[in-house]
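Listed below are the residues making up each chain.
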Number of protein chains: 2
Amino acid sequence: MTRFSATYWIETPDSLEKAAQTLAAEQSSGTFVAVPGETDELKQRHAARVEKIEPLDVITTPSIPAPTTATLFRQARVTVSWPLENIGTNLPALVSTVQGNLYEIRAFTGLRLLSLDLPAEFTNHFRGPKFGIEGTRERAGVNGRPLIGTIIKPSVGLTPTQTAKMVEVLADAGIDFIKDDELMANPPHSPFEQRVKSIMAVLNRHADKTGKRVLYAFNLTAELDAMKQNCETILAHGGTCAMVSINAVGLAATKAICDRGGLIVHGHRNGWGMLTRAPALGMEFAAYQALWRLAGIDQLHVNGIANKFWESDDSVVASIAACRAPMHNLAPLLPVVSSGQTGLQAPETFRRTQTTDLLYLAGGGIAAHPSGARAGVIALRQAWEAAVNGVPLDEFARTHIELREQIEKFGKPEKYA
Amino acid sequence: MTRFSATYWIETPDSLEKAAQTLAAEQSSGTFVAVPGETDELKQRHAARVEKIEPLDVITTPSIPAPTTATLFRQARVTVSWPLENIGTNLPALVSTVQGNLYEIRAFTGLRLLSLDLPAEFTNHFRGPKFGIEGTRERAGVNGRPLIGTIIKPSVGLTPTQTAKMVEVLADAGIDFIKDDELMANPPHSPFEQRVKSIMAVLNRHADKTGKRVLYAFNLTAELDAMKQNCETILAHGGTCAMVSINAVGLAATKAICDRGGLIVHGHRNGWGMLTRAPALGMEFAAYQALWRLAGIDQLHVNGIANKFWESDDSVVASIAACRAPMHNLAPLLPVVSSGQTGLQAPETFRRTQTTDLLYLAGGGIAAHPSGARAGVIALRQAWEAAVNGVPLDEFARTHIELREQIEKFGKPEKYA
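### Concerning the packing of helix H8 (residues 224-236) of chain A against helix H10 (residues 251-260) of chain A
Residue and element names in this part refer to chain A. Their axes nearest at 10 Å, the elements H8 and H10 cross at an angle of 25°. Between H8 and H10, the crossing angle belongs to the class labelled roughly parallel. Read as a crossing pair, H8 and H10 show a hand that is right-handed. Residue-level contacts link Leu224, Met227, Lys228, Cys231, Glu232 and Leu235 of H8 to Ala253, Ala256, Ile257 and Arg260 of H10. Its residues placed into classes, the contact of H8 with H10 shows seven nonpolar, no polar and three charged.

Structure below.
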């Protein structure tokens, strides 16, 4: 029978074998006491199975407080498998099975979902990213380099007219992609429809004039009916891209938006830190991106090298790899590099990932360029040109004034390597 | 201008004042560098405001690893407010604003959302729990005591026919409420429609015969269209209640199911441990239940006294209070007491909460009763009768054999107090 599996980091005062069996039992046929219907036949058919236990450290203080008098806590990497039959092709049921009550079990003083291994029999029921890297490139007309993008700043407060003016400057500067901030949804001072109308008028005019279609990810995050209406609004005005705060909206409604099919879906992962930042709890990005790829988003945030947040470069690099890793029939996600980016991180980003299949976003990094947003966009493209061609930024900056001014504002490139 | 606020527990290597300002800036008009459009007028209108800083401990090791060389970490309780105008009446936008990127900020080595204070101008846009405590009681015909419920066990593996047989036994035993396990959604061996049909045939017959309508919460957790279809299936067969794994499904799709309006929505919080169990990260139940109450669920899990999971009794008691706390126009949630419950926890549950407005669930606690499920249900009702009347369980058990057998199986009542 076809099975799927999940790999966890665990910490437990019990023996590793016992803890792994507890995990498997809680998430399949067992409960805290034997019950009559739990026959051998049923167990054989539906029970989760411990596939592998790889012991790691043993420590003396639990990573997460637990009601226990134990003094030793064993850490391990554990793989558990389930019959696919337990969940059918139900995506939220997958989540309830591989996560669900596991985080509540007192036998664990730490539990972290590291990765999922899903069979093609499961993934084949999902379309996954309809646009992904290829579709985004095609719609933006950008090849051979990262898409350069920006976030409208200030995050909140601008009217549609003010935003459209800013969009005009950015489009003229040669930007590929613009997005609303995740704090900007549908407030009274910038009603969604009005914002779409004002911005698309600018971008449609720009496309007519130059042939270049700038992508704008409108933050349609809302309740379901409003999001559906927002999709129609974007399409009606010639827009191509929608942004969803995926954690706030949730898996089922985000999938419904992706299933609508007409728009590139930009997955904003705000709230992700809550799920991953405690080292002994939550989940790794590898598992997280798999769930959202199944839901069908096209682009997913990964922070960036030398970001303004807590995340290490190693973690960012691993996330970019996860977005691009094969997953049967599902296309890769376009990694969205963002958070305190200025272009000065371009060489290190390229050195570590060896790819230009990125959406490279700078908010303040563009808007706060000393010579304005136009110079900010140009500086980013220059930084990436230098990075891909292996030319040191300082050297490239000698003949490229926008890059030079960016360096003067944000500091030496070495600081980002 | 009307404002809403959130209260956090924070830990930071910075001064408390600076950290609180970072929080406020990141979640409103600011970014990591000053940008041109961030005018004084815009800031005045849209900026988040630090309302209160209450210093707590100072420690020398960060609760969550962070890229810092600091040696002192200050903890505090901080309240921040925003103009309601920033989010309009958009529920996911509220989440992105009060949580969002906050958990990523490196200035925090711990951040936990404790509570939300939302004005009536916001809550008035939401219906909240349509059935809640009153509506559930009315549909079940149960007053003056907790609803006694159970979970079909084993969690997975039973066919619809097997499940219906079990339901018949439980209904005959006088149970008020039955639910699918969260691991049982729509697998090939128990297709949703078939399960509903088989079970409702039993429960409708039971209602015709006895006048008592047993509530069954069918786990309709799935993708959106399937969930909508599942609602219709339940209604078509005379069902009254649906269960949603709220974290797996997400806020927007769960709200869409609640908005459908015909069914009592049983909110299963599996996955909640991931959001709350690390003491320095995530959120408290008080804030969590507020979001789901806004979405419109009617019942929400709170674990139970002496539960099989990690949670302390104090935390469970606080959660029950949070479900029942006033929230402007929104009705209270019916707290679902569950996890290793056997009825022997009834006296302590009543002593600490002084309420019978509970849905008291026992899975193994009923199914594993030595004289069968029927005796299990009776024992639970006996335990609650004793608890509410202040009669010690041991004393009550002298004249009540089912309770006596339950005590013999699960141990002395003292162990649950």
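On we go.
### Some details on the packing of helix H3 (residues 91-98) of chain A against helix H12 (residues 285-295) of chain A
Residue and element names in this part refer to chain A. The interhelical angle for the contact between H3 and H12, taken along N-to-C directions, is 165°, at an axis separation of 11 Å. Regarding the angle of H3 to H12, the classification is roughly antiparallel. In the crossing of H3 with H12, the sense of the turn from one axis to the other is right-handed. Two secondary-structure elements touch here, H3 through Leu91, Leu94 and Val95 and H12 through Leu291, Leu294 and Ala295.

### With respect to the sheet that holds strand S3 (residues 73-83) of chain B
All names here are of chain B. Within the open sheet, the five strands sit side by side as S2-S3-S1-S4-S10. Their pairing is mixed. Where the open sheet ends on each side, the last strands, each with one partner, are strand S2 (49-59) and strand S10 (281-283). Pairs of neighbouring strands in the sheet enclose a mean axial angle of 15°, with direction left out of account. Bridging between strand S4 (residues 110-117) and S10 involves three bridges; their strand directions are parallel. Bridge pairing links Arg112 to Gly282 in S10. Those strands touched by helix H3 (residues 91-98) are strand S1 (3-12), S3 and S4, and its axis lies near 35° from that of S1. Together, S4 and S10 form the strand contacts of helix H12 (residues 285-295), whose direction differs from that of S4 by roughly 50°.

### Here we look at the packing of aromatic side chains
If you walk through the whole model with that rule in mind, you get 20 aromatic pairs over all chains. Measuring from centroid to centroid gives 6.2 Å for Phe192 of chain B and Phe218 of chain B, while their planes differ by 70°, and the two rings are edge-to-face. Within this pair, whereas Phe192 of chain B is found in helix H7 (residues 192-210), its partner Phe218 of chain B is found in strand S7 (residues 215-219), the two being separated by 26 residues in sequence. We note that Phe192 of chain B, like Phe218 of chain B, is buried. Linked through ring pairs, Trp272, Phe285, Tyr288 and Trp292 of chain A together constitute an aromatic cluster.

### Some details on the relation of the copies chain B and chain A
Mapping chain B onto chain A leaves a residual RMSD of 0.0 Å; the transformation is a rotation of 180° accompanied by 0.0 Å of translation along its axis. The superposition of one copy onto the other is thereby described by a two-fold rotation axis. Judged by C-alpha distance, Gly250 of chain B is the residue of chain B that lies nearest the rotation axis, at 1.8 Å. With an isologous cut-off of 70% or more, the 100% of interface residues of chain B that recur at the interface of chain A puts this contact in the isologous class.

### Examining the side chain of Asn101 of chain A
Looking at where Asn101 of chain A falls in the secondary structure, it is placed in the loop between H3 and strand S4 (110-117). A relative accessible area of 9% means that Asn101 of chain A is categorised as buried. A polar atom in the side chain of Asn101 of chain A sits 3.0 Å from the side chain of Glu182 of chain B. Discounting chain neighbours no more than four positions away, the residues touching Asn101 of chain A are Glu26 and Gln27 of chain A together with Glu182, His268, Asn270, Gly271 and Phe309 of chain B.

### Here we look at the interface of chain B and chain A
Tallying the contact residues gives 94 residues for chain B and 94 residues for chain A. Taken over both partners, the interface formed by chain B and chain A buries close to 7600 Å², and the fraction arising from carbon and sulfur atoms is 61%. Summed over the shared surface of chain B and chain A, the result is four salt bridges. Applying the counting criterion to the chain B and chain A interface returns 38 residue pairs in polar contact (both at pLDDT 80 or more).

### Considerations on H12 of chain A
Residues and elements named next belong to chain A. When you tally the buried positions in H12, you get ten out of eleven residues, the bulk of the element. If you check which residues of H12 are buried, you get Phe285, Ala287, Tyr288, Gln289, Ala290, Leu291, Trp292, Arg293, Leu294 and Ala295. Among the residues trailing H12, Gly296 stands out with phi positive, at a value near 105°.

Thresholds applied
- Residues numbered from 1 in each chain as written.
- Chains lettered and ligands numbered in written order.
- Predicted model: local features only at pLDDT ≥ 70, side-chain atom pairs only at ≥ 80, totals over all residues.
- Heavy atoms only, no water.
- Axes fitted to C-alpha atoms, helices over the stretch in contact; angles between N-to-C directions.
- Helix = DSSP H or I, 4+ residues; strand = E, 2+ residues; numbered from the N terminus.
- Parallel < 35°, antiparallel > 145°, perpendicular 65-115°, else oblique.
- Left-handed = near helix turned anticlockwise from the far one by under 90°.
- Contact = heavy atoms within 4.5 Å.
- Nonpolar A, V, L, I, M, F, W, Y, C, P; charged D, E, K, R; others polar.
- Pairing = 2+ DSSP bridges.
- Phe/Tyr/Trp six-rings, centres within 6.5 Å; stacked < 30°, edge-to-face > 60°.
- Buried < 20%, exposed > 50% of the residue type's maximum accessible area, 1.4 Å probe, protein only.
- Least-squares fit on C-alpha atoms with pLDDT ≥ 70 in both.
- Polar contact = N/O pair within 3.5 Å; in protein donor to acceptor, adjacent residues only side chain to side chain.
- Buried area = accessible area lost by both parts, 1.4 Å probe.
- Salt bridge = Lys/Arg side-chain N within 4 Å of Asp/Glu carboxyl O.

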